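Fold and contact review
The chain contents come next:
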Amino acid sequence: MALDKYETHEYDMIVVGAGGAGLRAAIEASAQGVRTALICKSLLGKAHTVMAEGGIAAALGNIYPEDNWQVHFRDTMRGGKMLCNWRMAQLHAQEAPARVLELEAWGALFDRTKDGRILQRDFGGHRYARLAHVGDRTGLEMIRTLQQHAVHKGIDVFMECTIFRLLKDGDRIAGAFGYWRDSGRFVVFKAKAIVLATGGIGKAWKITSNSWEYTGDGHSLSCWAGADLMDMEFVQFHPTGMVWPPSVRGILVTEGVRGDGGTLTNLSGQRFMFNYIPDFFRAETAETVAEADRWYTDKKNNRRTPDLLPRDEVARAINAEVKAGRGSPHGGVFLDIATRRDPEYIKRRLPSMYHQFKELADVDITKQSMEVGPTCHYVMGGVRVDADTTATTVPGLFAAGEVAAGMHGANRLGGNSLSDLVVFGRRAGLYSAEYAKNFQGTLTIDVGQIEAMARECLEPFERSGTENPYTVHQDLQECMQSLVGIIRTEGELKKALDEIGVLRERTRRIKIGGNREYNPAWHQALDLHSLLTVSEIVTRAALERKESRGAHTREDYPKTDPAFGKANVVVRQVNGEITVPQEPLPEMPDDLKKLFEGDK
Amino acid sequence: MTDFTFRVWRGDETGGGLQEYRVPVEEGMVILDVIHRIQATQANDLAVRWNCKAGKCGSCSAEVNGKPRLMCMARMSLFSADEPITVTPMKTFPLVRDLVTDVSYNYEVAKQIPTFKPGPPEPDGTYRMMQEDIDRAQEFHKCIECFLCQNVCHVIRDHPDKMRAFAGPRFFVRIAALEMHPQDIHSRTDLLRTKAGLGYCNITKCCTEVCPEHIHITDNAIIPLKERVVDDYYDPVVWLIKKVAGKK
């Protein structure tokens, strides 16, 4: 049987995923002179980056000259509860300003200061106003800038093409196997190097800010290919998603609302965040409403409002208020900017929030409070990578952006994602191109393997089951939402593993009707492979970390354990079984440790 | 919960027709939610393109009762349960299947627009731009590429043969964003006059009416671009200066 039965393309390097990280990687690889292809599940420009709102964090020092990479590095490490890979956090803080200025040189138009520089906004966990932004649609500006820059660089783009498995020759990456969404036909990519930039896993939860694409493809593809994953127990629930009406539940409400002066209140109008200041952040957080309100304009003499504590803290606080019966009518809390800023300011700074609430919830945010609650938003964990080169543990495989682990530790600060994408996207492009250029051998693709993958893809059409892929997906979302959510216990996590096992059995009985052309039921059935894999991985990692830290809260282990602070939970597939060994966290050098002297 | 009747276009380029579905609808739902409910419960293979479900990505464009709009931003409260709701794909673009169309033409046009080319930065390597000088271009940067403007543009809709010689409103907005970027030094008026076919637009403003981002496509992008083309190519004074200076 020959490979020419399948549509085959050959490249030096392919990038899977066309959000900020994938686009930036492709631009860099192409600039290094290697033949590059960009493969994306959706149309170009629709990736998750387009939905990012608040801004991109970079210590430009345009508002506060005191800001610099060390301060940003320190904020990132502390926000990540000291579990970040120190080298990634350092590179990120050092290189983010250059990446932002590069976007500007490629045509991005950020909002301006009075003297014509890039304006920066306050965000949770950042000591200074640090987020370059465009109103509340920064991600759109970023993806469009990168997209328009990329299309002139001779990069081949394969849109609406889903990668089903990675291909290896021995230990090395040799390519990828996928299908066209429109025709349903299979396609084979031969490549010396692959950059995974596939984003996150949020579609495994019911209440999520993530789109249908976020099914953990890159996490699963790399795990199946033998790469290590890490920190998968850390899933970020963004504190502020919409809660009403039910059909919009989970849609993101930017942290920029609080950055620009909005506050969280409970049913009795109390600013409850003052009751939830953890010892870890007490020294740098305002204790009174008066101090918090002064902080917006005078950061030298006042401490940050607790409304802008890192996301894990705020999400837990909201969860606790609702549980205690002090929530809003639809099971959230109130987010109020109407009484604090004038309507013109709100509409100028938060145009898409204004539009979103007006159109979808009949709420005028310049006059009324919003109702908000936690929504699954981001996974800190991902594929384990080398900090400098983004290389995974599989030769030829690289990863950048949300799919990569390490940068954000136990909890990501808002604004650090967009900067992560361009800092490590560029590095992934650079080092994967170098790898491809230096690779001397020949790569062979095992045709038998391809045949087996094709058969596996087509099984749902041929079997005589009764399961509906949408129902299986909904049941998985219910399971993860109720058993692997913000607050976890051993009993519930074990129950989730059992349910995931049952769901996996059910996927073997899924029957797809219709044909292969643009058939979303079939796509859903295939996406369930990766959804179930990442769900199991998150649950196993969450069982292994017997402490509470950052986004991972165990009701049965409510305290932070210093021993776990020195370890990453690694996820590795061995003989088809998922194992979760603990491995030591790389230790920070002494000159960086000095930045944390005197901390709790 | 109220039951609605939906008539959804099903089929591919070889043919098809409207298929009727009865669907229960709850408070707050949008058209896209109903389409998803039909998909999950009655027509598993119903093809629809979507991503963010929040009006930010521009993927779920379709025609609802003949009106082009984003399905994710069309509240069911706008419609009465007494009348059936018809959902059809964007009419202008070739059909892939059901509600999904082939919008690759737009990506081809995008490739032909010369990209941003800035002048030299300040000595510190950055650019200085005043907010009031970028307000106009920022309006154009709001475009989410839903291609609804391309879908309703008469030049494209009624004359598919013109597709090759006409960029369409989305790309006039794109060109305007570049032309009005304070740092851009490239001129695209020749492109507008020739390959982009700006002259075909007779400013009926249909594009502006359907824009979900409320960009003033005609008034703020197309008309000023037409004026620039006139200034560069048909103004006798400019023409004379160019002639003397020996520029094309």
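The model shown is predicted, which means the values in this text are computed figures rather than measured ones.

Turning our eyes to something else, we now look at the overall build of chain A. For chain A, the count of helices and strands is 17 helices and 21 strands. Computed over the C-alpha atoms, the radius of gyration of chain A is 23 Å, within 12% of the 25 Å expected from 2.2 N^0.38 for a compact globule of 600 residues. Dimensions along the principal axes, computed over C-alpha positions, put chain A at roughly 75 × 50 × 50 Å. A burial count over chain A gives 61% of its 600 residues as buried.

Residue and element names in this part refer to chain A. Across the nine residues of strand E8 (residues 172–180), seven count as buried, placing the element largely inside the fold. Across eight bridges, the pairing between strand E7 (residues 161–169) and E8 is antiparallel. Within E8, the position partnered with Asp-169 by the bridge is Arg-172. Taking the residues between adjacent antiparallel strands as the criterion, E7 and E8 are bridged by two residues, where Gly-170 takes a positive phi near 65 degrees. As paired strands, E8 and strand E9 (residues 186–196) are joined by five bridges and run antiparallel to one another. Within E9, the residue paired with Gly-178 across the bridge is Val-187. From the end of E8 to the start of E9, which pair antiparallel, there are five residues, and Gly-184 there has a positive phi angle of about 75 degrees.

What follows deals with the domain arrangement of chain A. All names here are of chain A. For chain A, the domain assignment lists domain 1 (240–376) and domain 2 (447–560). Placing a centre on the C-alpha atoms of domain 1 and another on those of domain 2 gives a separation of 33 Å. In this assembly, five residues from domain 1 lie in contact with five residues from domain 2. By residue number, the principal contributor to the side of domain 1 that touches domain 2 is helix H9 (residues 311–323), which donates four residues. Of the residues belonging to the side of domain 1 that touches domain 2, the class tally is two nonpolar, one polar and two charged.

Right, let's talk about the sheet that holds strand E5 (residues 131–132) of chain A for a bit. Residues and elements named next belong to chain A. The strand order across the open sheet built from three strands is E3-E5-E4, with neighbouring strands paired in antiparallel fashion. Edge positions in the sheet fall to strand E3 (56–57) and strand E4 (120–121), since each of these pairs with one other strand and no more. Pairing analysis gives two bridges linking E4 to E5, with the strands arranged antiparallel. Across the sheet, Arg-121 pairs through a bridge with Leu-131, a residue of E5.

In this section: unusual backbone geometry. Residue and element names in this part refer to chain A. Trp-244 connects to Pro-245 through a cis peptide bond whose omega is -5 degrees. Relative to the assigned elements, Pro-245 resides in the loop between strand E11 (235–242) and helix H6 (256–259). Of note in the backbone geometry, Thr-390 takes a positive phi value of approximately 65 degrees without being a glycine. If you trace the backbone, Thr-390 turns up in the loop between strand E15 (382–383) and strand E16 (397–399). Unlike most non-glycine residues, Tyr-518 shows phi in positive territory, near 35 degrees. Relative to the helices and strands, Tyr-518 is located in the loop between helix H15 (490–507) and helix H16 (520–544).

The next thing to look at is the pairing of strand E1 (residues 7–16) of chain A. All names here are of chain A. As judged from the nine bridges shared by E1 and E9, these two strands associate in the parallel manner. Considered in E9, the bridge of Met-13 is made with Ala-193. The pairing of E1 with strand E2 (residues 36–39) spans four bridges and is classified as parallel. Bridging from a neighbouring strand, Met-13 pairs with Thr-36 of E2.

Now for the interface of chain B and chain A. Size of an interface: often given as the accessible area lost when the parts come together. Counting residues at the interface gives 47 residues for chain B and 47 residues for chain A. Counting only elements with at least two residues in the side of chain B that touches chain A, the list comes to helix H1 (31–41), strand E6 (95–97), helix H2 (104–111) and helix H3 (131–141) of chain B. At five residues, the largest contribution of residues to the side of chain B that touches chain A is made by H3(B). A class-by-class count of the residues in the side of chain B that touches chain A yields 22 nonpolar, 13 polar and 12 charged.

This paragraph deals with the nonpolar core. In summary, soluble globular proteins display a tendency toward joint burial of nonpolar side chains. Residues and elements named next belong to chain A. Ranked by internal contacts, the top residues of the largest apolar core, which has 259 residues, are Ile-14 and Ile-194. Looking at this core element by element, the count peaks at 12 residues for H16. With sequence-adjacent residues up to four places away left out, Ile-14 is seen in contact with Ala-37, Ile-39, Ala-176, Phe-189, Ala-191 and Ile-194.

The next thing to look at is the packing of helix H5 (residues 217–224) of chain A against H16(A). Residues and elements named next belong to chain A. Packing of H5 against H16 brings their axes to within 8 Å, and their N-to-C directions diverge by 80 degrees. The orientation of H5 with respect to H16, classified from their angle, is roughly perpendicular. Here Asp-217, His-219, Ser-220 and Cys-223 of H5 lie close against H16, whose contacting residues are His-529, Ser-530, Thr-533, Val-534 and Ile-537. Here the residues of the contact of H5 with H16 sort into three nonpolar, five polar and one charged.

Here helix H13 (residues 447–462) of chain A spans 22 Å end to end across 16 residues, near enough to the 22 Å set by a 1.5 Å rise per residue. Each element contacted by the buried residues of H13(A) is listed here: E7, E8, E9 and H16 of chain A.

Attention shifts here to the domain arrangement of chain B. All names here are of chain B. Looking at the assigned domains, one finds that chain B contains domain 1 (2–101) and domain 2 (104–245). Taken over C-alpha atoms, the centre of domain 1 sits 31 Å from the centre of domain 2. Contacts between domain 1 and domain 2 engage 13 residues on the former and 13 residues on the latter. Of the residues forming the side of domain 1 that touches domain 2, the biggest block, three residues, is contributed by strand E4 (residues 67–70). Looking at side-chain class alone, the side of domain 1 that touches domain 2 contains six nonpolar, four polar and three charged residues.

Right, let's get into the sheet that holds strand E2 (residues 15–25) of chain B. Residue and element names in this part refer to chain B. With mixed pairing, the five strands of this open sheet are ordered in space as E2-E1-E5-E3-E4. Of all strands in the sheet, those bounded by a partner on one side alone are E2 and E4. Pairs of neighbouring strands in the sheet enclose a mean axial angle of 30 degrees, with direction left out of account.

What counts as what
Residues numbered from 1 in each chain as written. Chains lettered and ligands numbered in written order. Predicted model: local features only at pLDDT ≥ 70, side-chain atom pairs only at ≥ 80, totals over all residues. Helix = DSSP H or I, 4+ residues; strand = E, 2+ residues; numbered from the N terminus. Rg over C-alpha atoms; globule rule 2.2 N^0.38 Å. Buried ≥ 20, exposed ≤ 12 C-beta atoms within 10 Å, placed from the backbone. Pairing = 2+ DSSP bridges. Domains from an automatic or database assignment. Contact = placed C-beta atoms within 7 Å. Nonpolar A, V, L, I, M, F, W, Y, C, P; charged D, E, K, R; others polar. Core = buried A, V, L, I, M, F, W, Y, C linked by C-beta atoms within 7 Å. Axes fitted to C-alpha atoms, helices over the stretch in contact; angles between N-to-C directions. Parallel < 35°, antiparallel > 145°, perpendicular 65-115°, else oblique. Expected span 1.5 Å × (residues − 1).

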